[in-house]
Amino acid sequence: MGLHPLRLGSGCFCVGRLSASHSPVLMCPLLKATMGLLQFQAPTQNDTMPWVVPTTCDWVVKFQELANTQPEAYFLELPHLHRGEKGQQRWLEEIYGLVRLLENQTGRKLNRKTLLSSVQIFMHAWKVFGRLIELRRKRVLAGVWFMVAANSFLLDSIEIWTERVHQMLETVATHPPAPEGNGVFLAGSPIIFPNFKLLHLIETAGMDVYGDDLCTSERIWPGAVCYEEPSYRGIMRALAERYHKACICPTFADNERRINSILNTLQQHHIRGVVYHVLKGCHPFDIESFNLEPRLKSRGYHFLKIETDYVQEDSQNILTRLEAFGRI
Ligand code: SF4
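Summary of the structure given here. (Residues numbered from 1 in each chain as written. Predicted model: local features only at pLDDT ≥ 70, side-chain atom pairs only at ≥ 80, totals over all residues. Heavy atoms only, no water.)

1. Quick look at the site of the ligand
Reasoning step 1: The immediate surroundings of the ligand are formed by C28, L31, C57, W59, V60, P190 and C282.
Reasoning step 2: Each residue belonging to the shell around the ligand can be placed in one class, and the counts come to 7 nonpolar, no polar and no charged. (Near = heavy atom within 4 Å. Nonpolar A, V, L, I, M, F, W, Y, C, P; charged D, E, K, R; others polar.)

What follows is the structure, encoded as structure tokens:
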């Protein structure tokens, strides 16, 4: 529809302090920092585009109320059960509602041709991103650099992002792989630039991240859209299904596939263990860790849960735990 979606989210501790006096102490630091960022650079009266807020976790649902800024949020009501037909149908209706909103805002009509062309642009981006994932698995690309590329998704237009990632691929593809080392899988709460504390500490402890499950990294979007019927309705249905059924965010109630997907990656790529990141106040990932830990350990994988914030004061403590984990 000629619009550029911009993801709201911040990993900056400094701006987070701006909102500290009027937000709950144990609020998700990612959203606290985003609130601070909006105070720092508040939307102007000309910013009429709505904030689209999918009702994922409770903090996100309450974000508009806490941030108390304009424009009003447009809530996309996310059905938290995604296996049944009922939830999928409700989600499809939400997506049609969003299209109506955007059509009203832009005065444009979404049609089959533009929808199809957008799906193809994202499919191409997905292929390029898949190659980047492969290079990380082969130890050609370090975990931190991979995260930089993934974090920059949607900052510019998708076409420019794809082109830049492609250039990055051409540069690093000729590099020799790093010696086989101590690879780990990173799961849990999202990590957003510039807060790469945990990634740096993992590397300092002599390990590298060979794969992850973060919604700001490998899981930035759930893959290419496959439609059976290339009609407007057929593509809309396929799009809705892809972003609902295929999403493995822990805020869903029926989420067995998520744990199986982590286990598969560990098995396929001979990764010995999981570092599980929990941002203080992030309940969905904290709750999940109690289910994931015994499942992994019963299959012989190591598991280390790190609960932290955007602060630096706990770095030495985390490093000591990571070094001990690396020696197991
Ligand atoms: S899922 Fe966790 S990290 Fe994401 S917004 Fe909610 S509380 Fe914050």
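2. Here we look at the packing of aromatic side chains
Reasoning step 1: All chains considered together, the criterion is met by 12 aromatic pairs.
Reasoning step 2: Note on F122 and W221: the rings are 6.2 Å apart at their centroids and 90 degrees apart in plane angle, and the pair reads as edge-to-face. Placement of F122 in helix α6 (residues 112-137) and of W221 in the loop between β4 (207-212) and α10 (232-244) is noted, with a sequence separation of 99 residues between them.
Reasoning step 3: Accessibility expressed as a relative area gives 3% for W221, which makes it buried.
Reasoning step 4: Where F129 meets W221, the ring centres are 5.9 Å apart and the plane angle is 20 degrees; that geometry is what we call stacked. Note that F129 is positioned in helix α6 and W221 in the loop between β4 and α10, a separation of 92 residues in sequence.
Reasoning step 5: The side chain of R136 reaches across the aromatic face of F146, ending 3.9 Å from its centre.
Reasoning step 6: Across from the ring centre of F325, 5.6 Å away, lies the NZ or CZ of R272, which sits over that ring. (Phe/Tyr/Trp six-rings, centres within 6.5 Å; stacked < 30°, edge-to-face > 60°. Helix = DSSP H or I, 4+ residues; strand = E, 2+ residues; numbered from the N terminus. Buried < 20%, exposed > 50% of the residue type's maximum accessible area, 1.4 Å probe, protein only. Lys NZ or Arg CZ within 6 Å of the ring centre and 35° of its normal.)

3. So, empty space enclosed by the protein
Reasoning step 1: What the rule picks out here adds up to 2 cavities of 30 Å³ or more.
Reasoning step 2: In terms of lining residues, the largest cavity is bounded by I191, N195, F196, K197, L198, H277, T308 and D309.
Reasoning step 3: Residue composition of the lining of the largest cavity, grouped by class: 3 nonpolar, 3 polar and 2 charged.
Reasoning step 4: By volume, the second largest cavity is sized at about 40 Å³.
Reasoning step 5: Considering the residues around the second largest cavity, the lining is formed by Q88, W91, L92, R237, A240 and E241. (1 Å grid on protein atoms, 1.4 Å probe; cavity = no way out; pocket = protein on both sides within 12 Å on 5 of 7 lines; lining within 4 Å. Points joined across faces, edges and corners; volume = space filled by probe spheres on them.)

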